[in-house]
Amino acid sequence: MEHYQLAVIGGGPGGYTAALRGSALGLKTILVERDALGGTCLNYGCIPTKVLTNSAGLFKKIKGAEDFGIETQGLSFSFSKIQERKKYVIDNLVQGVDGLLKGAKVDVFSGEGRLITPTKLELKRDSAEVKEVSVEKVILATGSQEVKLPLEGMDLPGVLTSKEALSLEEVPKNLTIIGGGVIGMEMASVFASFGSSVTVVELLPRILPTVDAEMSRRLTPLLRKQGINIMTKTKLEGIKEGESGLSVQVTTGKGEERLSADTVLISVGRRPDFGGQDLDSLGIEYDKTGIKVNENMETTVPGIYAVGDVASSGHLLAHVATHQGVIAAENVAGANEVYKEEAVPACIFTSPELASVGLTEEDAKEKGYKLKIGKFPFTANGKAFIQGESEGSVKIIADEEKGTILGVHILGPHASDLIQEGTVAVANKVTAHNLADIIHPHPTLCEATWEAAMAISKSPIHIRK
């Protein structure tokens, strides 16, 4: 029986990173993946979504090129070519991951992997081929799957998951999105930019309920201005076939209502996918949030670790999975690395982007902090004004007593890139005064972060009093 020091089940960002790190530390490693290397992120999530987001943003910007003195006539787009580019990007990145694993001498098994005992792994490619290998340590990185609603009409033609929506051959004329979370709002921005009439149905009082409430409130009118109809406090009751497409039955504060759509996207969240593992027989504790892990990413069974969406760490983010994969692999090799979640950046690729790290204003108040908050609008930032992207602002939340930065929230251009300065600040307990004393280059978007820090420690420069 072949023997491995480390077996990783799941080849997404957490899994393949763990395998690469384990191999780099000298462990004989096998990686098992039942679908495609890169997992949901690379094949059906982060990467394909951002390809569409990038094309939509470019199209939107070119449409406004006359404001920059550039004339465009007969502007159009080919959605089929955009989808071809998406496939090209995915294929290249998957091949890149495959090449990294081969270069690291990680054995990759394409098929199912099931733990029979904590040290015995059954591999199955087809029903006719089964083999067993012995393992010393295991990292479970089996990811998550989309939540399905137990309502009428979920299996009708035209009712899609986000995975299916990313593979549409044509832009829907009338798109109704059920769920105003991250995926729902990103897809709303994409298809609205391409000309879809988009309606978002959200059960809760506001979209993006996990982000800072003020930033959610500021983003909502900007999305509505782009033609996106946002219905909050609205409950989906079911979907039926209508006279000309689909009839979406909802309940609002005013009563029952029917929305017409040719396409409906169900985007109400994701849940852990245990990958067919018999966790009960293995003695691994878990609940609906995922597999229970400690700060070392180890489960309740010594020698078995869990990372990424399948672990109950609270963040279903590719970069969190990657970070946890590295920690788990290093601990398998004998280290004592600890996962800390105080500074986890989150990025939402709407138009404009929204990114955050650390505590929201609501969370900080709930924890008993007395706050000092600094804000700076992109309307007063030279680079944003030059680019014609002056919507949004930077918001820094600090502990009034010590000045320590507790959270940073950015709504505006390149927020996903700018948030890393906030991540460094939160992770290292930097004070607003420290951040304000750092020279920021001009003209840049990051000056808005400096001005928000100035608003806490001193006073902002480019705001008229």
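Since this is a predicted model, take the numbers as computed values, not measurements.

Draft legend 1. Geometry of the overall build of the protein. A tally of regular secondary structure across the protein gives 14 helices and 24 strands. By the compact-globule yardstick of 23 Å for 465 residues, the protein fits well, its C-alpha radius of gyration being 24 Å. In terms of principal-axis extent, the alpha carbons of the protein reach across some 75 × 65 × 45 Å. Sequence-distant contacts, at least 24 apart, represent 62% of the contacts inside the protein between residues at least 6 apart. Total accessible area on the protein is roughly 22,400 Å²; 51% of this is exposed by carbon and sulfur atoms.

Draft legend 2. Summary view of the environment of Val268. The residue Val268 is located in the loop between strand S15 (263–266) and strand S16 (270–272) in this model. For the pair formed by Val268 and Leu149, sequence separation is 119 residues and the distance between their alpha carbons is 8.2 Å. What Val268 contacts, discounting residues up to four positions off in sequence, is Val147, Leu149 and Ile178.

Draft legend 3. How the structure looks around the nonpolar core. By size, the foremost hydrophobic cluster in this structure holds 49 residues, and its most contacted members are Leu101, Leu121, Ile139 and Leu140. Setting aside anything within four residues of it in sequence, one finds Leu101 in contact with Tyr16, Ala19, Leu20, Leu31, Leu37, Val106 and Val108.

Draft legend 4. Main features of the pairing of strand S1 (residues 3–9). Burial analysis of S1 places five of its seven residues in the buried class, which makes it a mostly covered element. By the bridge criterion, four bridges tie S1 to strand S2 (residues 29–33) in an arrangement that is parallel. In the sheet register, Ala7 faces S2, and the bridge partner there is Ile30. Each parallel crossover has a hand, and the one from S1 via helix H1 (residues 13–24) to S2 is right-handed.

Draft legend 5. Structural view of the state of the cysteines. Per the counting criterion, the structure on display carries zero disulfides. In this structure Cys446 is not part of a disulfide, and its nearest cysteine sulfur, from Cys347, lies 16 Å away. Note on Cys446: relative accessible area 17%, which makes it buried.

Draft legend 6. How the structure looks around the sheet that holds strand S20 (residues 346–348). The strand order across the open sheet formed by five strands is S20-S21-S24-S23-S22, and the pairing between neighbours is antiparallel. Each edge of the open sheet carries a strand with a single partner, namely S20 and strand S22 (371–377). Mean inter-strand twist for the sheet, computed between neighbouring axes without regard to direction, equals 10°. As judged from the six bridges shared by strand S21 (residues 353–358) and strand S24 (residues 405–412), these two strands associate in the antiparallel manner. Residue pairing for S24: Leu354 is matched across the bridge by Leu411. In the packing of helix H12 (residues 415–427) onto the sheet, the strands contacted are S20, S21 and S24, and the crossing angle to S21 comes to about 10°.

Draft legend 7. Layout of the pairing of strand S23 (residues 393–399). Burial of S23 is extensive: seven of the seven residues sit out of reach of the surface. By the alternation rule, side chains of S23 split into Ser393, Lys395, Ile397 and Asp399 and Val394, Ile396 and Ala398, which are all buried. Judged from the seven bridges that link them, S22 and S23 form a sheet pairing that is antiparallel. Counted as the bridge partner of Lys375 is Lys395 from S23.

Draft legend 8. Seen up close, the packing of helix H3 (residues 46–63) against helix H4 (residues 79–103). Their axes nearest at 9 Å, the elements H3 and H4 cross at an angle of 140°. Our classification of the angle between H3 and H4 gives oblique. Pair H3 / H4 crosses with right-handed handedness. When H3 is examined against H4, the residues Ile47, Pro48, Val51, Leu52, Asn54 and Ser55 are found in contact with a partner set consisting of Ile82, Gln83, Arg85, Lys86, Val89, Ile90 and Leu93. Residues that form the contact of H3 with H4 fall into these classes: eight nonpolar, three polar and two charged.

Draft legend 9. Quick look at the sheet that holds strand S13 (residues 245–252). Read across the open sheet, the three strands follow the order S12-S13-S14; overall the sheet is antiparallel. Lying at the two open borders of the sheet, with one neighbouring strand each, are strand S12 (235–242) and strand S14 (255–261). Across the sheet, the axes of successive neighbouring strands diverge by a mean angle of 25°, strand direction being ignored. Here seven bridges tie S12 to S13, and the two strands are oriented antiparallel to one another.

Draft legend 10. Just the packing of H1 against H4, in detail. Between H1 and H4, whose axes approach to 9 Å, the crossing angle comes to 25°. Here H1 lies roughly parallel to H4, going by the angle between them. Where H1 crosses over H4, the handedness of that crossing is left-handed. Note on element contacts: H4 touches H1 through Val97, Leu100 and Leu101, opposite Tyr16, Ala19 and Leu20. In terms of residue class, the contact of H1 with H4 is built from six nonpolar, no polar and no charged.

Draft legend 11. A look at the packing of aromatic side chains. Taken as a whole and assessed by the stated rule, the structure comprises five aromatic pairs. Considering the side-chain rings of Phe79 and Phe194, the 5.7 Å spacing of their centres and the 75° angle between planes classify their relative orientation as edge-to-face. Placement of the pair is Phe79 in helix H4 and Phe194 in the loop between helix H6 (182–193) and strand S10 (197–201), with a sequence separation of 115 residues. Residue Phe79 is classed as buried on the basis of its relative accessible area of 6%. Residue Phe194 is classed as buried on the basis of its relative accessible area of 6%. In this structure an aromatic cluster arises from ring pairing among Phe59, Phe77, Phe79, Phe191 and Phe194. Positioned above the aromatic ring of Tyr44 is the side chain of Lys163, whose terminal nitrogen or guanidinium carbon lies 4.1 Å from the ring centre.

Reading guide: rules and limits
- Residues numbered from 1 in each chain as written.
- Predicted model: local features only at pLDDT ≥ 70, side-chain atom pairs only at ≥ 80, totals over all residues.
- Heavy atoms only, no water.
- Helix = DSSP H or I, 4+ residues; strand = E, 2+ residues; numbered from the N terminus.
- Rg over C-alpha atoms; globule rule 2.2 N^0.38 Å.
- Contact = heavy atoms within 4.5 Å.
- Areas by Shrake-Rupley, 256 points an atom, 1.4 Å probe, with all protein chains shown as cover.
- Core = buried A, V, L, I, M, F, W, Y, C linked by side-chain atoms within 4.5 Å.
- Buried < 20%, exposed > 50% of the residue type's maximum accessible area, 1.4 Å probe, protein only.
- Pairing = 2+ DSSP bridges.
- Right-handed = clockwise from strand over helix to strand, strands pointing away.
- Disulfide = S-S within 2.5 Å.
- Axes fitted to C-alpha atoms, helices over the stretch in contact; angles between N-to-C directions.
- Parallel < 35°, antiparallel > 145°, perpendicular 65-115°, else oblique.
- Left-handed = near helix turned anticlockwise from the far one by under 90°.
- Nonpolar A, V, L, I, M, F, W, Y, C, P; charged D, E, K, R; others polar.
- Phe/Tyr/Trp six-rings, centres within 6.5 Å; stacked < 30°, edge-to-face > 60°.
- Lys NZ or Arg CZ within 6 Å of the ring centre and 35° of its normal.

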